[in-house]
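# Architecture at a glance
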Amino acid sequence: MRNVKSAERTTALLEYLSDAQRPRTLRDVTADLGLPRASAYALLMTLVRTGWVEAGDGGFRVGIKALRAGAAYVELDDVVQRAQPVMDELSEEVGETVHLARLDGHEIVYLATCMSRQHTLTIVSRPGRRLPSWATGLGKAILATRPWPEVDALLPEELAPRTPHTLTDREAFQAELTAVAARGHALDEQESTLGTRCFAVPLRFGGTVAEALSCSVPTVRLTAEREPEVLAALLRAQKHIEQA
């Protein structure tokens, strides 16, 4: 049906612009999404007129309506409401940045972040940012709670690296998830961002695990004595959120 096709094109376009690292031109849209030029232009103009897309000298990008929709999703999310006060306390206690994320397909999506107020050198991940699950402690913490065949089917054929430390071999990644499940927490050893080590734990609410909590620490601040302190605080926060 025509209306359904139009809706599919609209959502595909909004997702495309949301993932873009820079404004996209009409030529980009038609080439990357395979849309007829006239249809793409008409759709973009409609979205610009309604505030979902903004047009500038560099091309098109998501508009303020998309920001409002994303903010509403986060504000009304039950897990975010549970976790936010505990995240604030954890960030204050350890003096580092704390993240909450959810698995979406083979990626994790950041739902909330509490920035370190004690250090200028910190890790920034805005809500809505997406990263490959295999390259993050958050993703590994969630995937380690699931059977490997399910994980294997979820992951793309190629595990693309984000840094030289990212695990890209499937067997090695499976072994890593086994180790994560055994110890109860995941580690990101500069696999997502160079110079950053991340500790992550899954959040269990009685069903399939979809969320995880993490604490990211620049390697220059992570001493041998500090590591168990950060991990112990993270495990306490995990328990508080699950029991909230």
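Refer to the structure printed above.
Reading the values: rules and limits
- Residues numbered from 1 in each chain as written.
- Predicted model: local features only at pLDDT ≥ 70, side-chain atom pairs only at ≥ 80, totals over all residues.
- Heavy atoms only, no water.
- Pairing = 2+ DSSP bridges.
- Helix = DSSP H or I, 4+ residues; strand = E, 2+ residues; numbered from the N terminus.
- Salt bridge = Lys/Arg side-chain N within 4 Å of Asp/Glu carboxyl O.
- Buried < 20%, exposed > 50% of the residue type's maximum accessible area, 1.4 Å probe, protein only.
- Axes fitted to C-alpha atoms, helices over the stretch in contact; angles between N-to-C directions.
- Contact = heavy atoms within 4.5 Å.
- Parallel < 35°, antiparallel > 145°, perpendicular 65-115°, else oblique.
- Left-handed = near helix turned anticlockwise from the far one by under 90°.
- 1 Å grid on protein atoms, 1.4 Å probe; cavity = no way out; pocket = protein on both sides within 12 Å on 5 of 7 lines; lining within 4 Å.
- Points joined across faces, edges and corners; volume = space filled by probe spheres on them.
- Nonpolar A, V, L, I, M, F, W, Y, C, P; charged D, E, K, R; others polar.
- Expected span 1.5 Å × (residues − 1).
- Arc of directions from axis to C-beta.

Where strand β1 (residues 53–56) meets strand β2 (residues 59–62), 4 bridges bridge the pair, whose relative direction is antiparallel. The residue bridging Ala 55 from the neighbouring strand is Phe 60, located in β2. Turn length for the β1-β2 hairpin, with the two strands adjacent in sequence and antiparallel, is 2 residues.

If you walk through the whole model with that rule in mind, you get 19 salt bridges. As a salt-bridge pair, Arg 24 and Asp 32 come within 3.6 Å of each other at their nearest N and O atoms. We classify Asp 32 as partly exposed; its relative accessible area is 45%. The salt bridge partner of Asp 152 is Arg 170, with a shortest N-O separation of 2.6 Å. Highlighted residues: Asp 152 in helix α7 (residues 148–154) and Arg 170 in helix α8 (residues 170–183), separated in sequence by 18 residues.

Further remarks concern the sheet that holds strand β3 (residues 97–104). Ordered by their spatial adjacency, 6 strands build an open sheet running β5-β4-β3-β8-β7-β6, and the pairing between neighbours is antiparallel. Each of the sheet's edge strands pairs with one partner strand only, and the pair in question is β5 (130–132) and β6 (186–189). Taken pair by pair, the neighbouring strands of this sheet meet at an average axis angle of 30 degrees, ignoring direction. Pairing analysis gives 4 bridges linking β6 to strand β7 (residues 196–203), with the strands arranged antiparallel. Each bridged residue has a counterpart across the sheet, and for Leu 187 the counterpart in β7 is Phe 199. Against the sheet, helix α9 (residues 226–243) engages β7 and β8 (211–218), with an angle of about 25 degrees to β7.

So, about the environment of His 99. Take His 99: it is sitting in strand β3. A residue is classified by how much of its surface remains accessible, and His 99, at 1% relative accessible area, is buried. Along the sequence, His 99 and Ala 200 sit 101 residues apart, while their C-alpha atoms lie 8.9 Å from each other.

Axes are the key here: two packed helices are described by the angle between their axes and the distance separating the axes. Packing of helix α5 (residues 78–94) against α9 brings their axes to within 10 Å, and their N-to-C directions diverge by 160 degrees. By the criterion of interaxial angle, the relationship of α5 to α9 is roughly antiparallel. Relative to α9, the crossing made by α5 is right-handed. Judged by residue contacts, Arg 82, Ala 83, Val 86, Leu 90, Glu 93 and Val 94 of α5 engage Arg 226, Val 230, Ala 233, Leu 234, Arg 236, Ala 237, His 240, Ile 241 and Glu 242 from α9.

One number sums up the size of the largest pocket: a volume of about 1300 Å³. Lining the largest pocket we find 37 residues, and of these Ser 18, Arg 126, Gly 128, Arg 129 and Arg 130 sit closest to its centre. Mapped onto the lining of the largest pocket, the elements with two or more residues apiece are α1 (2–19), β2, α4 (64–76), β3, β4 (107–114) and β5. The element contributing the most residues to the lining of the largest pocket is α4, with 7 residues. Of the residues that constitute the lining of the largest pocket, the class distribution is 20 nonpolar, 6 polar and 11 charged.

Next up on the list: helix α3 (residues 37–50). Under the 1.5 Å per step criterion, the end-to-end length of α3 is 20 Å for 14 residues, consistent within 8% with the ideal 20 Å. For α3, the set of buried residues is Ala 40, Leu 43, Leu 44 and Leu 47. The arc that holds the buried residues of α3, viewed along the axis, is 100 degrees, so those residues lie on one side. Turned more than 90 degrees away from the buried face of α3, the exposed residues are Ala 38 and Arg 49. Where α3 terminates, the next one or two residues include Gly 51, which has phi positive at roughly 90 degrees.

The element β4 is largely enclosed, with a buried count of 6 among its 8 residues. Pairing of β3 with β4 involves 7 bridges; the strand directions are antiparallel. From the neighbouring strand, His 99 faces β4, where its bridge partner is Thr 113. Linking two consecutive strands that pair antiparallel, namely β3 and β4, is a turn of 2 residues; a positive phi of about 65 degrees is found at Gly 105 within it. Relative to β5, β4 runs antiparallel, the two being bridged by 3 bridges. Bridging across to β5, Glu 107 finds its partner in Pro 132.

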